[in-house]
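# Notes for the structure review
Here is what each chain is made of, one letter per residue.
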Amino acid sequence: MHISKVDLNLFIVLEAIYTEGSITRASLKMNLTQPAISHALNRLRQLFDDPLFERQGHVMTPTPLARSIIDPVRRALRSFEVTLTGAARFDAASSERSFSLAVRDVLEASVLPPLMAGIAQQAPSATLNTLQVSRRELESELAAGTLDAAIDVLLPLPNDIRRAQLAGDQTVVLVRRGHPLVKKKALSLETYLALEHIQTSSRRRGPGLEDVELSRQGLQRRIRLRCQHYFAACRVVSQTDLALTMPDRLARIVNQQFNNQILPLPLTMPSLDVYLYWHANVDNDPANTWLRAQITAAMQAAG
């Protein structure tokens, strides 16, 4: 079927139902009546010869076909949007745009203060939403335009996800002052392995990068506590004999009120490189280009 014979507005309805999981919420999002959304869905079903969505309770669940086409549909819609808005000059001083940035909590504390200071100065009416997005969903979120950009470590993403290195970071070890096993301002590998450790991770299980490196050398440390957040871990370090291994940049922020010792990790580790990600669709989008410049400047200020 030739594209000239297809109402492209139907794909906007498809994306809205997929995102909202409901005809009612899709109608509110698009400011259309429910019968209008239902009529558009029926036309889509005829077009694809597939139900596309099946009702399960109060939720419209996508069929396998709908799941297979949603990413290219989102990319196409995003491309149309950029085409329509890209030619217009982005005026930061008067913009009321809301930007969405995916960033891990490890980086949020260091990048947000200088980033918001720059945005407040140049775009006083713009807003920023930071989100933690599953790495498996990062590509589709950037393609759909639900994310403007993302900051993370180096990830295996396809070529249509652009990237630029922002900064590098080193790994350090935190122990409380007066720790009975740490008498010097440097740790030996022997002392490091003699300590009991905290592993900080949002995952329920799995080794840290330092554990992977230790295992390559046939070594293993003892994990006494696994917790979710570095702030909590730093506080535990200040009140126990446990040690914490973490990125240096964040350590110097979250450790300020605890005054733990920050020592070099006695283990050769690759630099913790941080990258900025965006979709190829917005390479030349003035607003996205401006946002990327603000993020780059903020990381330089934070470093």
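Scroll up a little and you will see the structure.
My aim in this report is to walk through the structure given alongside it, one point at a time. These numbers were taken from a predicted model, which means no experiment stands behind them.

Soluble, globular proteins show a tendency: their nonpolar side chains are buried together. Core analysis: the largest hydrophobic core is formed by 26 residues, its most contacted members being Phe99, Ile151, Trp290 and Ile295. Within the residue set of this core, elements represented by two or more residues are strand 3 (98-103), helix 5 (105-122), strand 5 (149-152), strand 6 (161-167), strand 12 (274-279) and helix 11 (286-302). Considering every element that reaches this core, the biggest residue donor is helix 11, with six residues. Excluding residues that lie within four positions of it along the chain, Phe99 makes contacts with Phe90, Ala126, Thr127, Leu128, Asn129, Asp148, Ala287, Trp290 and Leu291. Among the nonpolar cores identified, the runner-up in size contains 19 residues, and Ala40, Leu44, Ala66 and Val73 belong to it.

What follows concerns helix 9 (residues 230-239). Where helix 9 is concerned, the buried positions are Tyr230, Ala233, Cys234 and Val237. One side of helix 9 holds all its buried residues, which, seen down the axis, span an arc of 100°. Those residues of helix 9 hidden inside the fold are in contact with helix 5, strand 7 (171-175), strand 8 (196-200), strand 9 (222-227), strand 10 (243-247) and helix 10 (248-254).

Turning next to the packing of aromatic side chains. Two descriptors summarise a pair of aromatic rings, namely the distance from one centre to the other and the angle between the planes of the rings. Across all of its chains, the model carries seven aromatic pairs by this definition. Measuring from ring centre to ring centre gives 6.4 Å for Tyr275 and Tyr277, while their planes differ by 35°; the resulting arrangement is tilted. For the pair formed by Tyr275 and Tyr277, the shared burial category is buried. By way of ring pairs, the aromatic residues Phe90, Phe99 and Trp290 are connected into one cluster. Residue placement shows Arg292 over the ring face of Trp278; its charged tip is 4.3 Å from the ring centre.

A word on the sheet that holds strand 6. The strands that make up a sheet are held in pairs by hydrogen bonds between backbone atoms, and each pair lies either parallel or antiparallel. In spatial order, the strands read 4-3-5-12-6; together these five strands make up an open sheet with mixed pairing. The sheet terminates laterally at strand 4 (127-131) and strand 6, the two strands that pair on one side only. Strand-to-strand twist of the sheet, defined as the mean angle between neighbouring strand axes without regard to direction, takes the value 25°. Both strand 3 and strand 5 contribute to a ladder of three bridges, which runs parallel. Each residue of the ladder has a partner; that of Ala102, found in strand 5, is Ala150.

Across the six residues that make up strand 3, a large majority, five, are buried. Summarising the sheet, strand 3 and strand 4 pair through five bridges and their orientation is parallel. Its bridge partner being in strand 4, Ala102 is matched across the sheet by Leu131. A crossover links strand 3 with its parallel partner strand 4, the connecting element being helix 5, and its sense is right-handed.

Calculation criteria
- Residues numbered from 1 in each chain as written.
- Predicted model: local features only at pLDDT ≥ 70, side-chain atom pairs only at ≥ 80, totals over all residues.
- Heavy atoms only, no water.
- Core = buried A, V, L, I, M, F, W, Y, C linked by side-chain atoms within 4.5 Å.
- Buried < 20%, exposed > 50% of the residue type's maximum accessible area, 1.4 Å probe, protein only.
- Helix = DSSP H or I, 4+ residues; strand = E, 2+ residues; numbered from the N terminus.
- Contact = heavy atoms within 4.5 Å.
- Arc of directions from axis to C-beta.
- Phe/Tyr/Trp six-rings, centres within 6.5 Å; stacked < 30°, edge-to-face > 60°.
- Lys NZ or Arg CZ within 6 Å of the ring centre and 35° of its normal.
- Pairing = 2+ DSSP bridges.
- Axes fitted to C-alpha atoms, helices over the stretch in contact; angles between N-to-C directions.
- Right-handed = clockwise from strand over helix to strand, strands pointing away.

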